[in-house]
Amino acid sequence: MYVCICARVRECEIRRVIRSGAHTEDAVGDECGAGTGCGTCLDRVADLIDAEVPNAVLPALA
């Protein structure tokens, strides 16, 4: 299933780049292009990051 229509990125590809170390929306975008167009998919990308990296430490808010 496509998560990012703008860049034609499927969920399986996003999960793969997350498992390879892309643990932020920006890092996922750098690896596969998801979220770099209109940004509508960024909530879904964040959900996938949360699902794949459930124990990740969130960056402190400044």
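Right, let's walk through the structure included here. (Residues numbered from 1 in each chain as written. Predicted model: local features only at pLDDT ≥ 70, side-chain atom pairs only at ≥ 80, totals over all residues. Heavy atoms only, no water.)

1. Focus: the side chain of Glu11
Convention followed: Secondary structure elements follow DSSP: runs of H or I no shorter than four residues count as helices, runs of E no shorter than two count as strands, and numbering proceeds from the N terminus. In this description, contact between two residues means that some pair of their heavy atoms is separated by no more than 4.5 Å.
Assignment of secondary structure puts Glu11 in helix α1 (residues 11–19). Discounting residues that sit within four places of it in the chain, Glu11 has contacts with Met1, Val3, Arg44 and Leu48.

2. Quick notes on helix α3 (residues 42–52)
The condition that has to hold: Throughout this description, buried means an accessible area under 20% of the type-specific maximum (1.4 Å probe, protein chains only), exposed means over 50%, and partly exposed covers the range between. Note that the arc is defined by the directions from the helix axis to the C-beta atoms.
Regarding α3, the residues found buried are Val45, Ala46, Leu48 and Ile49. Viewed along the axis of α3, the buried residues span an arc of 160 degrees, placing them on a single side of the element. Check the buried side of α3 and you find it contacts β1 (2–4), α1 and α2 (25–32).

3. A word on a negative patch on the surface
The line we're drawing: Like charges are joined within 9 Å and nonpolar side chains (Val, Leu, Ile, Met, Phe, Trp, Tyr) within 5 Å, but only among residues with over 30% relative accessible area and no salt bridge; these make up the patches. Per-residue accessibility takes into account occlusion by the displayed protein chains alone, with areas from the Shrake-Rupley method and a 1.4 Å probe. Whenever Lys or Arg places a side-chain nitrogen within 4 Å of a carboxyl oxygen from Asp or Glu, that contact is recorded as a salt bridge. This count recognises Lys and Arg as positive and Asp and Glu as negative, with His and chain-terminal groups excluded. Each charge is placed at NZ for Lys, CZ for Arg, CG for Asp and CD for Glu.
On the surface, Glu25, Asp26, Asp30, Glu31, Asp43, Asp47 and Asp50 cluster together into a negatively charged patch. Listed by contribution, the elements that provide at least two residues to the negative patch are α2 and α3. Ranked by residue count, the leading element in the negative patch is α2, at 4 residues. Considering the arrangement of structural elements, one finds Asp47 in helix α3. The exposure class of Asp47 is partly exposed, given its relative accessible area of 44%.

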